[in-house]
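An overview of the molecular structure
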Amino acid sequence: MEHRESQTASTLDDPFIVRLYQKHALSLMTYVRRHVRTREDAEDIVLEVFLAAMKQQEIRFLPEEKHLAWLQRVAYHKFVDHYRHVSARSMVPLEEASEQLLTDDDHGPEQRALRNEEDALLRERVGQLPEHYQTILQLRFANGMRCTEIASHLQKSDGAIRMVLSRALNALREIYTQPKEGRR
Amino acid sequence: MNDEIFTPERVDEQIEQNLSFSRSGQFARDPGERVVQRLHALYEEDMLATAHVWERLIRQESRWNIAAQPTEIMQALPRERSLLEPLSPANLPRRQKKYTSRVSAFSRRVSLFAAVLVLAFLVGSLIFVLQAAHPSTSVVTGKPGQTVYSLTRDPEGQPFVDLAWSPDSQRVALLTTGGLQIWDATTGANKVTAHLPADMLDAFIMGSLPATGDSSYLSARLPASGGGGANIRVLAWSPDGKWIAVSGMGPELAIVNAQTGALAHYFNLASSTGVVTENLPTTGSSTLLSAHMPASGGGGPTISGLAWSPNSQQLAVTVVADRLNGSLSLNIVNAQSGTLAHHLTISSGADVLNWAGVASWSPDGKYLAAHVIRESQVLSTVWVWDTSNYQVVFKQDGGVQAGGTFEYGDQLAWQPHTNNLVFAVGEGTGKLFTIKVELWDIAKHTMLQQYPVISLGQFAWSPNGTYLAVVTAYNPSVYHGQWITVLNATSGHPVYNYKQQTGHIAALAWSPDGKYIVSCDESTVKVWVAP
């Protein structure tokens, strides 16, 4: 009995791009989100960056350690294009619009605007941390790795990882301790 | 006042406490809680966005493929063709046409006759050579990837575990949890069932092992539907074609006659006297391996890999002596007597548990390589010994797979006619863990090539060493869903993707004559035309 599979639209044929995406997509998305306002715009830019990688051969000849820099460089050019063309938008993402209907004080429009502002500031502050701080934060919060696992992966001591992680969190925590204008 | 809320000693616990608070749906007001909550939410959002972009990428590529249909390309050709066509006789002056016409007719007849003679000579030579080399070989007519034979087990049947080609490429041996079968590769005919002892087969039964009774080991080792599970190499066909060595992943090792399936030798590594429970003749020496097994209550030895030496005289057997202690050894066993030729203890350092391993001899027999999984499937190491003195000549650590789920195989493979070794090396972070495939010249201790594929660790070389078939994952989010990608070994470029296997691919082998590849998941075996 012979099995014949019809190819569904759920795969990519290029193992290089599959691996590139697996290795760098999240880091690139985090980088892009620091520079664009909405998740939709960030998705568009990341998509365009990987489409460029699929079309162009240049990246395939670069050493692996230069791949993320190439992707970020392409993303930067996409930012420039993006801000040239974007105009003041009255459009609000759907999830924001629906949540604006809530009357609870914790989820009201004012609180939501404050949280968006804090999130943007949090992304910015994370981006300002040293690279190895950002790596450890990503391993902890995106990949769910504990300090021991991170230490083993990065070949550092467990104590060093704990020190970096606690320092990063204490620094980022200041976003929520500093007084804000207009905050209740 | 000390504002350092997060302390190095407790940072993990503090994060988990704050995350559990946020999962309860409550809005965090404490700054420490909020920073953890918001970091977690932002990374989750980014991961979700990343997954969404992946889907869009696939849809975009699908649109490109539809746009580039062959019919569209063919329609573009006539214009180009007309520019390349030679000047036709219709374009020549009349006198030239007549003369040209007579000369052309004669030339054509002569050329045609000569072409027929040359063709006949070539075909005849080809037939002669083929018959001389492989008297019973049929010419492959299918296109690459075309399935020539498929075997599907019954839903209630025993899962497929491992497979091997005969050296003459005529037969395939298939190991299931129910036993060993051997059949003609492209037809399934002349099926032979090997006679394996019952207690050896018992070791395969899901949920129990005679020595340890530990089902988690077994379930992790056998391919399960939906993916996951480490691959094993407990079936090996001797290079001289006479014997098939089989292990039940317990302490038993059987050698059967490859033609008849009759049991020729049977060794129980856990027995101090070599006597097995089934009143079978004892052929194992009491000095086999049992003398090297630690006296421990943590479970008996288990075989995780088998490999024949190129001269078919010895077997390299990787044995985990005791899963609780985790000591692993590579044992060179004289195949006919069962006596131990060499015992190599593989140690990866203090407090490191060696969990499983496979071994492989270089084509010239000069080296013996082993790929060892350790520390509860998290770490891996490749070892290579010089077989003249069994000194370690190469050792490479293979990276970390956080999360504890061993999703990739433990394979390595020597490139034919060389001392180059290919193996998978893990790297990366937790959910985005990835695997590199590297080719090393062992003699020169030089990495020759790094292949850009997400490999699940199963390899098969074409007999001439030009191509490498690799089990790869096509979805970077999970390791379910596998292809077999055939790479050009020199350039690293993929030349073919085989997508017909639906489950987790348990085994893969390229026929020694280069014509076919056989692959299996737990329920289906396919023999298909190699590219």
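Figured I'd write up the structure that's included with this text. Chains are numbered independently. Their residues run from 1 in the order of the written sequence. The order in which chains are written sets their letters, starting at A; the order in which ligands are written sets their numbers, starting at 1. For this predicted model, a pLDDT threshold of at least 70 governs which residues receive local features, and a threshold of 80 or more governs which side-chain atom pairs are given and counted, while totals over whole chains, interfaces and linings are taken from all residues. The basis for every side-chain value is the complete set of heavy atoms in the structure, and neither hydrogens nor water enter the calculation.

1. Section: the pairing of strand 10 (residues 302-308) of chain B
Residue and element names in this part refer to chain B. Where burial is concerned, most of strand 10 is hidden: seven out of the seven residues are buried. Sheet topology note: the strand 10/strand 11 (residues 314-320) ladder contains six bridges and is antiparallel. Bridge pairing in strand 11 places Trp308 opposite Leu315. When a residue's accessible area, from a 1.4 Å probe over protein chains only, is under 20% of the maximum for its type it is buried; when over 50% it is exposed; and in between it is partly exposed. A run of H or I in DSSP becomes a helix once it reaches four residues, and a run of E becomes a strand once it reaches two; helices and strands are each numbered from the N terminus. Only when DSSP finds a minimum of two bridges between them are two strands counted as paired.

2. Here's the deal with helix 7 (residues 147-154) of chain A
Each turn of an α-helix holds 3.6 residues, which means side chains three or four residues apart point in the same direction. All names here are of chain A. Restricting attention to buried positions, one finds in helix 7 the residues Cys147, Ile150, Ala151 and His153. Down the axis of helix 7, the sector holding all buried residues measures 165°, keeping them to one side. Residue Gln155 follows helix 7 closely and has a positive phi angle near 55°. It is the directions from the helix axis to the C-beta atoms whose arc is reported.

3. Examining the packing of helix 6 (residues 131-141) of chain A against helix 7 of chain A
Residues and elements named next belong to chain A. Helix axes are fitted to C-alpha atoms over the stretch in contact, other axes to C-alpha atoms as well, and angles between N-to-C directions run from 0 to 180 degrees. Two numbers describe how helix 6 lies on helix 7: the axes approach to 10 Å, and their chain directions differ by 130°. The orientation of helix 6 relative to helix 7 falls into the category oblique. Between helix 6 and helix 7 lies a crossing of right-handed hand. Contacts from Thr135, Ile136, Leu139 and Arg140 in helix 6 reach Ile150, His153 and Leu154 in helix 7. By residue class, the composition of the contact of helix 6 with helix 7 is four nonpolar, two polar and one charged. Orientation is classified from the angle alone, with under 35 degrees giving roughly parallel, over 145 giving roughly antiparallel, 65 to 115 giving roughly perpendicular, and any other angle giving oblique. By the definition used in this description, the sense in which the near helix is turned from the far one sets the handedness, with an anticlockwise turn below a right angle giving left-handed and a clockwise turn giving right-handed. Residue contacts are counted whenever heavy atoms from the two residues lie within 4.5 Å of one another. Only Asp, Glu, Lys and Arg are considered charged, only Ala, Val, Leu, Ile, Met, Phe, Trp, Tyr, Cys and Pro nonpolar, and every remaining residue, Gly among them, polar.

4. So, the packing of helix 6 of chain A against helix 8 (residues 158-173) of chain A
All names here are of chain A. For the pair helix 6 and helix 8, the least separation of the axes is 10 Å and the interaxial angle reads 90°. Taken together, the axis directions place helix 6 and helix 8 in an arrangement best described as roughly perpendicular. Between helix 6 and helix 8, the residues in contact are His132, Tyr133, Ile136, Leu137, Arg140 and Phe141 and Ile161, Val164, Leu165, Arg167, Ala168, Leu169 and Leu172, respectively. Along the lines of polarity and charge, the residues of the contact of helix 6 with helix 8 split into 10 nonpolar, one polar and two charged.

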